[in-house]
Amino acid sequence: MAKAIPKKGSRGRIGSRKSIRKIPKGVIHIQASFNNTIVTVTDVRGRVVSWSSAGTCGFKGTRRGTPFAAQTAAANAIRAVVDQGMQRAEVMIKGPGLGRDAALRAIRRSGILLTFVRDVTPMPHNGCRPPKKRRV
């Protein structure tokens, strides 16, 4: 087989795959369930910049739902974006878990200025019929 002739000007990839871009403002999404807390940091357009969860921080089983695990996950997710120059952020909190307040506290401590904090937990407008009551 003959080798393909490389096109002029195409040298392949030089440097790292991810380009480090400056992000002055972003959105921090906290999803706190009873079993886990997931913190995702996006730019204003919604592209994910960094994320972390209690499970990826090394917590297993029931310890993933604790406030301390949520605090650690939030600190890990924020550490990467502070290095990229994020100064302001909006916070969207979703879910009924124990990690809501702890994750928010960790974000406040990181030094990022919060423009607003919004609760975006989905609430049914009397949607599905609940299961029948237990008779014991």
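Residues numbered from 1 in each chain as written. Predicted model: local features only at pLDDT ≥ 70, side-chain atom pairs only at ≥ 80, totals over all residues. Heavy atoms only, no water.

## A short note on the overall build of the chain
Okay, step 1: Scanning the chain for helices and strands turns up two helices and five strands.
Okay, step 2: When its helices and strands are written in sequence order, the chain yields β-β-β-α-β-α-β.
Okay, step 3: Relative to its 136 residues, the chain shows a buried fraction of 33%.
Okay, step 4: A separation threshold of at least 6 residues defines the contact pool for the chain, and within that pool the share at least 24 residues apart is 64%.
Okay, step 5: A total accessible area of about 10,400 Å² is found for the chain, and carbon and sulfur atoms account for 54% of it. (Helix = DSSP H or I, 4+ residues; strand = E, 2+ residues; numbered from the N terminus. Buried < 20%, exposed > 50% of the residue type's maximum accessible area, 1.4 Å probe, protein only. Contact = heavy atoms within 4.5 Å. Areas by Shrake-Rupley, 256 points an atom, 1.4 Å probe, with all protein chains shown as cover.)

## Considerations on helix 2 (residues 99-109)
Okay, step 1: Every buried residue belonging to helix 2 is among G99, A102, A103, L104, A106 and I107, and all of these are buried.
Okay, step 2: Here the buried face of helix 2 lies against strand 1 (25-32), strand 2 (37-43), helix 1 (67-83), strand 4 (88-94) and strand 5 (113-119).
Okay, step 3: Count one or two residues on from helix 2 and you reach G111, which has phi positive near 100°.

## Quick look at the packing of aromatic side chains
Okay, step 1: Applying the stated criterion to the full structure yields one aromatic pair.
Okay, step 2: Look at F59 and F68: their rings are 5.9 Å apart centre to centre, the planes differ by 85°, and that puts the pair in the edge-to-face class. (Phe/Tyr/Trp six-rings, centres within 6.5 Å; stacked < 30°, edge-to-face > 60°.)

## Comments concerning the nonpolar core
Okay, step 1: Counting 22 residues, the largest nonpolar core has I28, I30, M86, V91, I107 and L114 as the members making the most contacts within it.
Okay, step 2: Elements that contribute at least two residues to this core include exactly strand 1, strand 2, helix 1, strand 4 and helix 2.
Okay, step 3: In terms of residue count, helix 1 provides more of this core than any other element does, six residues in total.
Okay, step 4: Filtering out sequence-adjacent residues up to four positions away, I30 remains in contact with T37, I38, V91, M92, I93, K94, A103, L104 and I107. (Core = buried A, V, L, I, M, F, W, Y, C linked by side-chain atoms within 4.5 Å.)

## A word on the pattern of salt bridges
Okay, step 1: Per the stated rule, a full pass over the model turns up three salt bridges.
Okay, step 2: Here E90 ties to K25 by a salt bridge, and the two come within 3.2 Å at their closest N and O atoms. Here K25 lies in strand 1 and E90 lies in strand 4, a separation of 65 residues in the sequence.
Okay, step 3: We note a salt bridge from R47 to D43, for which the minimum N-O separation is 3.0 Å.
Okay, step 4: On the accessibility criterion, R47 (43% relative accessible area) is partly exposed. (Salt bridge = Lys/Arg side-chain N within 4 Å of Asp/Glu carboxyl O.)

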